[in-house]
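What follows is each chain in one-letter form.
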Amino acid sequence: MVNDPFSEILRFAHARSLVTGGFSADVPWGLRFPAPDKVKFFAIVKGQCWVKVEGESSPRFFGTGDVGLIAVARSFVVCSDVEVQPLDAMDVFSRAGRNVAQLGEGRDFEYLGGHVLLDPHSSRFFTEALPPWIHIPASSAKASAFSWLLRQLVQEQAQQQPGASLATAQLSQLLFIQILRAHLDTDAPRPVGWFRALGDVKVAPAIRLIHGKPGSTWDLATLARECAMSRTAFASRFKEMAGMTPMAYLTHWRMCLAQQALRESDTPVAAIAHSVGYSSESAFSNAFKKHSGAAPQLYRKAGRSSAPET
């Protein structure tokens, strides 16, 4: 089985995508959305629009079938024309009394939006590696997948057949994954981190090995050899892509896994230490305290005491 760090990181972050609503409109129209507190994605089901994201120098044109993702807390405007004075989106949806709104007869434009739920403890590792925002045109190589997913999502929402909520959730997750896959296929700039490294053919094999077998005794020479590079060239390229050295990245991922295991399970510390590549509990405890600021048992206790009651 091929190691799949992308799936491992999605599982680590407990990433779960949901379609939360949408709107239709007649030209002219414009809505201003507040800065999202979650990763936000949207799709243009019908028509065309401009999207203006706070902090971006110019708006971007979206056509039918285009999808977008915003991974930073920035407000944004979706409009038929950049000269239109936008309405407050939250006011519009509040007046509608539901998560679907209509401006006019809703004949010219249809928009579908959603967000990605993440584990608050592990979301930073996931989101910091994503670009601030992504635009995937309908003309991209992944267009056929997007087209099918959007048709199915619209159909599920419209017909409300038995199991519609579960089907919508699964389709939303697929849409989110396809957005990230499509972005990896482009030459668009990406922040340093696992996402950028995963998209680089020269160092991606090392990322797959680290995530596939975090408990193995990896060293610089072995990882460089797997990437068909000299140690010096590999170390330099890896740091350029991931923002840290290969050994630092290995330690960071191991500690992320250990933190999650301590928070979410009763697995003995010694077993966790072994699973992430440490031959002794004391060596693991020293490394964990250096990385996390607390000994494993104290970290576990603090995590349990701060967990919300159910």
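In case you missed it, the structure is sitting above this.
Position labels on residues start from 1 in each chain and follow its written sequence. For a predicted model such as this one, the threshold for reporting local features is a pLDDT of at least 70, and the threshold for listing and counting side-chain atom pairs is 80 or more; totals across whole chains, interfaces and linings nevertheless cover every residue. Water and hydrogen atoms play no part in the side-chain values, which are based on all heavy atoms of the structure.

Peer 1: Hey, could you run me through the overall build of the chain in this one?
Peer 2: Strands here are runs of E lasting at least two residues and helices are runs of H or I lasting at least four, both read from the DSSP assignment and numbered beginning at the N terminus. Regarding its fold elements, the chain presents 13 helices and 11 strands. With respect to the principal axes defined by its C-alpha atoms, the chain has extents near 70 × 50 × 35 Å. Any residue under 20% of the maximum accessible area for its type is buried, any over 50% is exposed, and the rest in between are partly exposed; the area is computed with a 1.4 Å probe on protein chains only. Expressed as a percentage of the 310 residues in the chain, the buried residues total 45%. Of the accessible surface of the chain, which amounts to about 15,600 Å², a share of 52% is contributed by carbon and sulfur atoms. Asp and Glu are treated as the negative residues and Lys and Arg as the positive ones, with His and the ends of the chain left uncounted. All charge positions are set by atom: Lys at NZ, Arg at CZ, Asp at CG, Glu at CD. If the 32 positive side-chain charges of the chain are averaged to one point and the 27 negative ones to another, these points end up 7 Å apart. Here, Shrake-Rupley sampling with a 1.4 Å probe gives the accessible areas, and only protein chains in the shown set may cover a residue.

Peer 1: Hey, could you run me through the nonpolar core in this one?
Peer 2: In globular proteins that are soluble, nonpolar side chains generally tend to be buried together. With 54 residues, the main nonpolar core has Leu69, Phe126, Leu175, Ile179, Leu180 and Trp194 as its most contacted residues. By residue number, the principal contributor to this core is helix 5 (residues 164-184), which donates 8 residues. Residue contacts are defined here by distance: any two heavy atoms, one from each residue, within 4.5 Å place the two residues in contact. Here Trp194 is in contact with Phe6, Ile9, Phe125, Phe126, Ala129 and Tyr249, once residues within four sequence places are set aside. To form a nonpolar core, buried Ala, Val, Leu, Ile, Met, Phe, Trp, Tyr and Cys residues must be joined to one another through side-chain atoms within 4.5 Å. Among the nonpolar cores identified, the runner-up in size contains 22 residues, and Ala25, Leu31, Cys49 and Phe76 belong to it.

Peer 1: In this structure, what is going on with helix 4 (residues 143-159)? I would like to understand it.
Peer 2: For the α-helix, the turn length of 3.6 residues means that residues three or four positions removed from each other point alike. Under the convention used throughout, the expected extent of a helix is 1.5 Å for every residue step, that is, one less than its residue count. Counted at 1.5 Å a residue, the expected span for helix 4 with its 17 residues is 24 Å, and the 24 Å between its end C-alpha atoms agrees. Structurally, helix 4 contributes buried residues whose contacts are with strand 1 (16-25), strand 3 (39-46), strand 6 (67-70), strand 10 (109-117), strand 11 (133-136) and helix 5. Downstream of helix 4 by one or two residues, Gln160 has phi in the positive range, about 50°.

Peer 1: How should the environment of Gly113 be read in this particular structure?
Peer 2: Secondary-structure assignment places Gly113 in strand 10. Under the relative-accessibility criterion, Gly113 is labelled buried at 2%. As a C-alpha pair, Gly113 and Pro59 span 54 residues in sequence and 18 Å in three-dimensional space.

Peer 1: Help me understand the sheet that holds strand 1 in this model?
Peer 2: Backbone-to-backbone hydrogen bonds pair the strands of a sheet. The strands run either parallel or antiparallel. Think of it this way: DSSP has to see at least two bridges between two strands before they count as a pair. An order of 9-1-10-3-6-11 is seen for the 6 strands of this open sheet, with the pairing classed as mixed. What marks the edges here is a single partner per strand, and that holds for strand 9 (100-103) and strand 11. Adjacent strand axes in the sheet meet at a mean angle of 15° when their direction is disregarded. In this analysis an axis means a line fitted to C-alpha atoms, helices contributing only their contacting stretch, and an angle means the value between N-to-C directions, from 0 to 180 degrees. The strands touched by helix 2 (residues 89-96) are strand 1 and strand 9; relative to strand 9, the strand with the most contacts, the crossing angle is about 105°. Each of strand 1, strand 3, strand 6, strand 10 and strand 11 touches helix 5; the most contacted strand, strand 1, lies at about 90° to it.

Peer 1: Explain a nonpolar patch on the surface here, please?
Peer 2: Together, Trp50, Phe61 and Val82 make up a nonpolar patch on the protein surface, roughly 230 Å² of accessible area in all. Summarising the element assignment, Phe61 is placed in strand 5 (residues 60-62). On the basis of relative accessible area, Phe61 is assigned to the partly exposed category, the value being 37%. Within this analysis, patches are made of residues with over 30% relative accessible area and no salt bridge. Like charges are joined at 9 Å or less; nonpolar side chains (Val, Leu, Ile, Met, Phe, Trp, Tyr) at 5 Å or less. A pairing counts as a salt bridge when a side-chain nitrogen of Lys or Arg comes within 4 Å of a carboxyl oxygen of Asp or Glu.

Peer 1: Honestly, the side chain of Ser80 in this entry has me stumped. Any pointers?
Peer 2: One can find Ser80 in the loop between strand 7 (76-79) and strand 8 (87-88). Looking at Ser80, the relative accessible area reads 17%, which means it is buried.

Peer 1: Explain the pairing of strand 1 to me, please; I cannot follow it from the model alone.
Peer 2: Here is the key point about a regular strand: its side chains alternate between the two faces of the sheet. With 7 of its 10 residues buried, strand 1 lies for the most part within the structure. Judged from the 9 bridges that link them, strand 1 and strand 10 form a sheet pairing that is antiparallel. If you follow Gly21 over to strand 10, its bridge partner there is Gly113. Summarising the sheet, strand 1 and strand 9 pair through 4 bridges and their orientation is parallel. If you follow Gly22 over to strand 9, its bridge partner there is Val100.

Peer 1: Explanation requested: unusual backbone geometry in the structure shown.
Peer 2: In most cases, non-glycine residues show a negative phi, while peptide bonds are predominantly trans. Geometrically, the link from Val27 to Pro28 is a cis peptide bond, its omega value of -5° lying close to zero. In this structure, Pro28 sits in the loop between strand 1 and strand 2 (30-33). A positive phi angle, near 50°, is found at His14, a position not held by glycine. The topology assignment puts His14 in the loop between helix 1 (5-12) and strand 1.

Peer 1: Which parts of the structure should I look at to understand the environment of Glu110?
Peer 2: Assignment of secondary structure puts Glu110 in strand 10. Residue classification places Glu110 among the partly exposed positions, given a relative accessible area of 29%. For the pair Glu110 and Arg11, spaced 99 residues apart in sequence, the C-alpha to C-alpha distance is 32 Å. For Glu110, the contacting residues outside a window of four places in its chain are Phe23, Ser24, Ala43, Ile44, Val45 and Lys46.

Peer 1: Just checking my understanding: could you explain the packing of helix 1 against helix 10 (residues 246-264) for this structure?
Peer 2: Packed helix pairs are specified by the crossing angle of their axes together with the interaxial distance, meaning the distance between the axes. At their nearest, the axes of helix 1 and helix 10 sit 12 Å apart, and the two run at 40° to each other. In the crossing of helix 1 with helix 10, the sense of the turn from one axis to the other is left-handed. Contact residues: helix 1 offers Glu8, Ile9 and Phe12, while helix 10 offers Trp253, Cys256, Leu257 and Gln260. The classification used treats Ala, Val, Leu, Ile, Met, Phe, Trp, Tyr, Cys and Pro as nonpolar, Asp, Glu, Lys and Arg as charged, and all other residues, Gly among them, as polar. Here the residues of the contact of helix 1 with helix 10 are counted per class, giving 5 nonpolar, 1 polar and 1 charged. Crossing chirality is assigned from the near helix's rotation relative to the far helix, an anticlockwise turn below a right angle marking it left-handed and a clockwise turn marking it right-handed.

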